[in-house]
Amino acid sequence: MGKLLTLGVVLLLSLSTLSALESEMQTMRNDSVRAAIDNFAKLEEKEVSEVNRVKKMFRKGKASGQLKLMYSEAAQVGEAYASAIGGIIKYELAEYRGFNAGAAVYASHDIPLLSGEGERRSTEISSGTGKHADMSEAFLNYKYEKLNFRAGRQVIDTPLADSDNIRMIQNSFEAYIATYDIEGFELMAGNLQRWHGTDAGLELGWVETGSKGTNFAGLTYADGYELDIWYYNITDFAQVAYFDLGIEYKIDETFLFHAMLQYLKEGELSNSSISTSIYGLLVELVAYDIGFNVALNKSEKRAGKESFSGFGGGALFTNMDTMIIDAITLDREALSYVVGLVYTYKDFEFLYAYGDFMGESNSMGEKEHIVEQNLGFGYNFNEEFVAGLLYGAQENKLDSTQNWDRIQASLNYNF
């Protein structure tokens, strides 16, 4: 790929949106390559203090933020590249009698000297216009013992609605959400009205999540065993049930075993064509700072129907940086598997994943077979400053004109 000199300059100021082990004896714990990338770039939430007078809510409020610099280059027949600078500025009031509020502005702007022009400017890391700014979070929060209620623009992470923070602007949602914690279990229920971010198309602004929003409820548990049970009603689009069950077992001081099963069932509403059942399996072993995992997803064939991974990166175990099984499920049975390797040494992190996505013949006799590989490097300078590199290559086994590769270098500084 060209522009290596430009890439080298940006790498001196770069961040990875790549994740690996968080400690010596911990698995990726993100259950897919895409989730691993998302998790690493998150802005850490700061705990707000509790005050006894209203005016102290402002005096004791917390300011935080993230500065992000990113370079991306993709090649197919031609070549497109771009660099962008941006980030998040957030302020959250201290808590008074259970109440507090917060707001955050997300912004991104292309760097002209490090970006192509016309068709050679990549639009995938930021917006089509090359610049974007929006108040992506603005919420009111109330907490009482184990109950929490939040209304307004906010970041959430559930199986079918998540932040997917793998480019410049992550997803956020206009929503009303209640959570309740009890003895290791968390109950969550709410309504998502609209969403916004790179996945939603920044040029479109805030996009509806169904004709009357999305109503959802979920139950989660994580303490050695893992359990997720979720239901979504995306009005006039689809009804979705999601389930996963897993176990994490520490064999001794150097070995850890992790395994999960998942099931996604979708039924169409208002002739949306969304209807399928997807099964998944993940097996992972960590030994001496090296994690090895195998993941599998299989989608049933339903004539003229396809799958929908939700508002964001999705929960399926085989989701890659770019490729997900949704791309090949229309009117066919589909199978995908991913083999991954993760290694961490002190502040250095490495990830490699190989994914194979195969679609059987549809009603027209057409098949699909796509392979994607992801290679990532990350370096933690300190708790605030992280740099790295992510490379992806996609090969269409049935149509070589669709082959492409991309490289992404980025830098995050949290404050």
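Residues numbered from 1 in each chain as written. Predicted model: local features only at pLDDT ≥ 70, side-chain atom pairs only at ≥ 80, totals over all residues. Heavy atoms only, no water.

Draft legend 1. A look at the overall build of the protein chain. From N to C terminus, the protein chain includes 3 helices and 21 strands. Against the globule reference of 22 Å for 415 residues, the protein chain gives a C-alpha radius of gyration of 21 Å, in line with a compact fold. Seen through its principal axes, the protein chain has C-alpha atoms that stretch 70 × 50 × 50 Å. Burial analysis of the protein chain (415 residues in total) assigns 52% to the buried set. Relative to all contacts within the protein chain whose residues are 6 or more apart in sequence, the contacts with residues 24 or more apart total 60%. Entry remark: accessible area of the protein chain is about 19000 Å², with carbon and sulfur atoms responsible for 58%. (Helix = DSSP H or I, 4+ residues; strand = E, 2+ residues; numbered from the N terminus. Rg over C-alpha atoms; globule rule 2.2 N^0.38 Å. Buried < 20%, exposed > 50% of the residue type's maximum accessible area, 1.4 Å probe, protein only. Contact = heavy atoms within 4.5 Å. Areas by Shrake-Rupley, 256 points an atom, 1.4 Å probe, with all protein chains shown as cover.)

Draft legend 2. Expanded view of the pattern of salt bridges. Counted by the stated rule, this structure contains 16 salt bridges. Of the charged contacts in the structure, one is a salt bridge between Arg120 and Glu79, with a shortest N-O distance of 3.6 Å. You can see Arg120 sitting in the loop between strand S5 (99–110) and strand S6 (131–144) and its partner Glu79 sitting in strand S3 (residues 79–92), a full 41 residues away along the chain. On the basis of relative accessibility, which here comes to 22%, the residue Glu79 falls in the partly exposed class. As a salt-bridge pair, Glu92 and Arg150 come within 3.9 Å of each other at their nearest N and O atoms. One end of the pair, Glu92, is in strand S3; the other, Arg150, is in strand S7 (residues 147–154), and 58 residues separate them in sequence. The network of salt bridges with common partners includes Glu124, Arg167, Asp321 and Arg406. (Salt bridge = Lys/Arg side-chain N within 4 Å of Asp/Glu carboxyl O.)

Draft legend 3. View of the confidence of the model for the protein chain. Per-residue confidence for the protein chain gives a mean pLDDT of 89; residues scoring 70 or more make up 91%. Per-residue pLDDT, averaged within each element of the protein chain, yields its smallest value for helix H1 (residues 4–11) (37) and its largest for S7 (98). (pLDDT = per-residue confidence, 0-100.)

Draft legend 4. Region of the structure containing a positive patch on the surface. A cluster of basic residues, Lys46, Arg53, Lys55, Arg59, Lys60 and Lys62, forms a positive patch at the surface. Relative accessible area serves as the criterion here: at 48%, Lys55 is assigned to the partly exposed category. (Patch = residues over 30% accessible without salt bridge, like charges linked within 9 Å, V, L, I, M, F, W, Y side chains within 5 Å. Lys, Arg positive; Asp, Glu negative; His and termini not counted. Charge placed at Lys NZ, Arg CZ, Asp CG, Glu CD.)

Draft legend 5. A look at the packing of aromatic side chains. Enumeration according to the criterion identifies 18 aromatic pairs in this entry. Arranged with centres 6.2 Å apart and planes meeting at 20°, the rings of Phe216 and Trp230 form a pair that is stacked. On the criterion of sequence distance, the pair formed by Phe216 in strand S11 (residues 214–223) and Trp230 in strand S12 (residues 225–234) is long-range, its members being 14 residues apart. Residue Phe216 shares its accessibility class with Trp230, and that shared class is buried. Measuring from centroid to centroid gives 6.4 Å for Phe385 and Tyr413, while their planes differ by 65°, and the two rings are edge-to-face. One end of the pair, Phe385, is in strand S20 (residues 385–396); the other, Tyr413, is in strand S21 (residues 404–414), with 28 residues separating them in the sequence. Cluster of aromatic residues (ring-pair linked, three or more members): Phe173, Trp195, Phe237, Phe308 and Phe311. Its guanidinium or amino end placed over the ring of Phe139, Arg150 lies 3.8 Å from that ring's centre, counting from NZ or CZ. (Phe/Tyr/Trp six-rings, centres within 6.5 Å; stacked < 30°, edge-to-face > 60°. Lys NZ or Arg CZ within 6 Å of the ring centre and 35° of its normal.)

Draft legend 6. Spatial organisation of empty space enclosed by the protein. Scanning the model with the defined rule gives 3 cavities of 30 Å³ or more in all. By volume, the second largest cavity is sized at about 60 Å³. Listed by contribution, the elements that provide at least two residues to the lining of the second largest cavity are strand S2 (62–75) and S3. With 3 residues, S3 is the largest single contributor of residues to the lining of the second largest cavity. A class-by-class count of the residues in the lining of the second largest cavity yields 2 nonpolar, 1 polar and 6 charged. (1 Å grid on protein atoms, 1.4 Å probe; cavity = no way out; pocket = protein on both sides within 12 Å on 5 of 7 lines; lining within 4 Å. Points joined across faces, edges and corners; volume = space filled by probe spheres on them. Nonpolar A, V, L, I, M, F, W, Y, C, P; charged D, E, K, R; others polar.)

Draft legend 7. The arrangement of the nonpolar core in detail. Phe173 and Leu192 are the most contacted members of the largest nonpolar core, which totals 38 residues. Looking at this core, the elements that each hand over two or more residues are helix H2 (33–40), strand S8 (172–182), strand S9 (185–196), S12, strand S13 (238–250), strand S17 (334–345) and strand S18 (348–359). Setting aside chain neighbours within four positions, we find Leu192 in contact with Ile156, Ala161, Phe173, Glu174, Ala175, Ile177, Thr209, Gly213, Thr214 and Phe216. (Core = buried A, V, L, I, M, F, W, Y, C linked by side-chain atoms within 4.5 Å.)

Draft legend 8. The arrangement of the side chain of Gln170 in detail. Along the chain, Gln170 falls in the loop between S7 and S8. One polar contact links Gln170 to Tyr106, side chain to side chain, over a distance of 2.9 Å. Ignoring sequence-local partners within four residues, the contact set of Gln170 consists of Ile88, Tyr106, Val155, Ser163, Asn165, His196 and Gly197. (Polar contact = N/O pair within 3.5 Å; in protein donor to acceptor, adjacent residues only side chain to side chain.)

Draft legend 9. Representation of the environment of Tyr288 within the structure. Looking at the element boundaries, Tyr288 is found in the loop between strand S15 (276–287) and strand S16 (290–299). Once the C-alpha coordinates of Tyr288 and Val155 are considered, the two residues, 133 residues apart in sequence, prove to be 35 Å apart. Dropping the residues within four chain positions of it, Tyr288 is found in contact with Thr254 and Phe255.

Draft legend 10. Structural view of the pairing of S15. Sheet topology note: the strand S14 (residues 255–268)/S15 ladder contains 12 bridges and is antiparallel. Directly across from Phe255, in S15, lies its bridge partner Ala287. As defined by bridge partners, S15 adjoins S16 across 10 bridges and the pair is classed as antiparallel. The residue bridging Tyr279 from the neighbouring strand is Lys298, located in S16. (Pairing = 2+ DSSP bridges.)

Draft legend 11. Local environment of the pairing of S11. As paired elements, S9 and S11 share 8 bridges and run antiparallel to each other. Looking across to S11, one finds that Glu186 is bridged to Thr220. Note that S11 and S12 share 10 bridges and pair antiparallel. The partner of Asp223 across the bridge, within S12, is Tyr225.

Draft legend 12. Main features of the environment of Phe185. Checked against the element boundaries, Phe185 lands in strand S9. Residue class for Phe185 comes out partly exposed when judged on its relative accessible area of 33%. Linking Phe185 and Val240, residues 55 residues apart in sequence, is a C-alpha distance of 21 Å. Discounting chain neighbours no more than four positions away, the residues touching Phe185 are Tyr180, Leu219, Thr220 and Tyr221.

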